[in-house]
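One letter stands for each residue in the lines below.
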Amino acid sequence: MAISYEILKHRVFAPITQEYGMRDTLLYALGICCGDDPTDPRDLRFAYEENIQALPTMATVLCSPGFWLKQPDTGVDWRHVLHGEQFLTMHRPLPPSGKLIGRQHIEEIIDKGQGRGALIYIKRELSDAASGELVCTVGLSSFARADGGFGGPSGPAKPAHKLPDGAPDLVCDLPTWKHSGLIYRLNGDYNPLHADPAIARAAGFERPILHGLCTYGVAGRALIRSLCDNDATRLKQLNVRFSAPVYPGETIRTEIWRQEAGLAGFRCRVVERDLVVLDNGKMVYA
């Protein structure tokens, strides 16, 4: 079954209401490896309930419809889908506990051509359930590698953020843990690729890989620490492209360029393999 542009573009998603609490916020922080040094107040700000702040990247796991592209009526071969990009805009700080309503729609589907795949852009708006105020907008692109050539529009794709030439202005190394995938999956992504060694090997990996959104969360921590004096409420936008997977236990180095007031570019690499895993990153902050 091939993609039908009109059917997939206008797919209807039911609103999702989610109530979350302090335990969920703490679990998310542990999932992105906060607390490697349990005496470090920079991590305890997110991993201990006293005066806690919610990390804004936690919005990516809230009110999620799950891996809906696996449903047969999408026309997508889900076995060949990759997480391409992640976008996040914060309209107000994410509270440590609350009740949100998520409303999702498909922004666009780009047909890259036969044998070249398709890009599916998805947007989810999270609003406070009581006031109706918009808290944040979560976006992503999925790269459907096996589904090009269905006759959809050929563009435009969203442009990548250009990083400056030369050495970064700041570098922040943060570790992941060997058991990080087993913790992070408790936020709701139970894909066995991140937990089952046999399934990981069948997919071509030497062992389970880390969730891409876990790597994204670690990058968010590094940027908040480096540019926002560890104040999560100052992060306004965080966009990035995924370029390679991380293995749990590897160190993620975030390389940061100050580009103008309130704007930074970044990329992440794993130190152990000197491999870029997140690229063309853009951060807007107060």
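Preceding this paragraph is the structure being described.
Draft legend 1. A look at the overall build of the protein chain. In terms of helices and strands, the protein chain carries six helices and 10 strands. On C-alpha atoms alone, the protein chain measures out to a radius of gyration of 18 Å, which is about the 19 Å that the 2.2 N^0.38 rule sets for 286 residues. Counting only C-alpha atoms, the protein chain reaches 55 × 45 × 40 Å along its principal axes. Burial analysis of the protein chain (286 residues in total) assigns 49% to the buried set. A separation threshold of at least 6 residues defines the contact pool for the protein chain, and within that pool the share at least 24 residues apart is 73%. Of the accessible surface of the protein chain, which amounts to about 13200 Å², a share of 51% is contributed by carbon and sulfur atoms. When the 32 positive and 33 negative side-chain charges of the protein chain are each reduced to one mean point, those points stand 2 Å apart.

Draft legend 2. Highlighting the nonpolar core. Among the nonpolar cores identified, the biggest contains 51 residues, and Leu94, Phe266 and Met283 are the most heavily contacted of them. At nine residues, the largest contribution of residues to this core is made by helix α6 (residues 212-227). Listed in part, the 16 residues of the second largest apolar core include Tyr5, Trp68, Leu140 and Ala144.

Draft legend 3. The pairing of strand β9 (residues 263-270), seen in detail. With seven of eight residues buried, β9 lies mostly within the body of the structure. Joining the antiparallel neighbours β9 and strand β10 (residues 275-285) is a turn of four residues, in which Asp274 adopts a positive phi near 50°.

Draft legend 4. Highlighting the side chain of Arg124. Tracing the backbone through its elements, the reader meets Arg124 in strand β4 (residues 118-128). For the buried Arg124, no salt bridge is present, and the opposite-charge side chain at shortest range is Glu125, 10 Å distant. A distance of 3.3 Å separates a polar side-chain atom of Arg124 from the backbone oxygen of Cys63.

Draft legend 5. A look at empty space enclosed by the protein. Evaluated as defined, the whole model comprises one cavity of 30 Å³ or more. Taken as a whole, the largest cavity spans an internal volume of roughly 60 Å³. In this structure, the largest cavity is lined by Ala54, Pro56, Met90, His91, Arg92, Pro93, Leu94, Ala232, Thr233, Leu235 and Lys236. When grouped by side-chain class, the residues that make up the lining of the largest cavity number seven nonpolar, two polar and two charged.

Draft legend 6. Representation of the pairing of strand β3 (residues 98-111). Of the strand pairs in this sheet, strand β1 (residues 16-20) and β3 are connected by five bridges, and their pairing is antiparallel. Counterpart to Glu19 in the pairing with β3 is Lys99. Here β3 runs beside β4; their pairing, made up of 11 bridges, is antiparallel. Its bridge partner being in β4, Arg103 is matched across the sheet by Glu125. Where β3 folds back onto β4 in an antiparallel hairpin, the turn is made up of six residues, including Gly113, whose phi is positive at roughly 110°.

Calculation criteria
Residues numbered from 1 in each chain as written. Predicted model: local features only at pLDDT ≥ 70, side-chain atom pairs only at ≥ 80, totals over all residues. Heavy atoms only, no water. Helix = DSSP H or I, 4+ residues; strand = E, 2+ residues; numbered from the N terminus. Rg over C-alpha atoms; globule rule 2.2 N^0.38 Å. Buried < 20%, exposed > 50% of the residue type's maximum accessible area, 1.4 Å probe, protein only. Contact = heavy atoms within 4.5 Å. Areas by Shrake-Rupley, 256 points an atom, 1.4 Å probe, with all protein chains shown as cover. Lys, Arg positive; Asp, Glu negative; His and termini not counted. Charge placed at Lys NZ, Arg CZ, Asp CG, Glu CD. Core = buried A, V, L, I, M, F, W, Y, C linked by side-chain atoms within 4.5 Å. Pairing = 2+ DSSP bridges. Salt bridge = Lys/Arg side-chain N within 4 Å of Asp/Glu carboxyl O. Polar contact = N/O pair within 3.5 Å; in protein donor to acceptor, adjacent residues only side chain to side chain. 1 Å grid on protein atoms, 1.4 Å probe; cavity = no way out; pocket = protein on both sides within 12 Å on 5 of 7 lines; lining within 4 Å. Points joined across faces, edges and corners; volume = space filled by probe spheres on them. Nonpolar A, V, L, I, M, F, W, Y, C, P; charged D, E, K, R; others polar.

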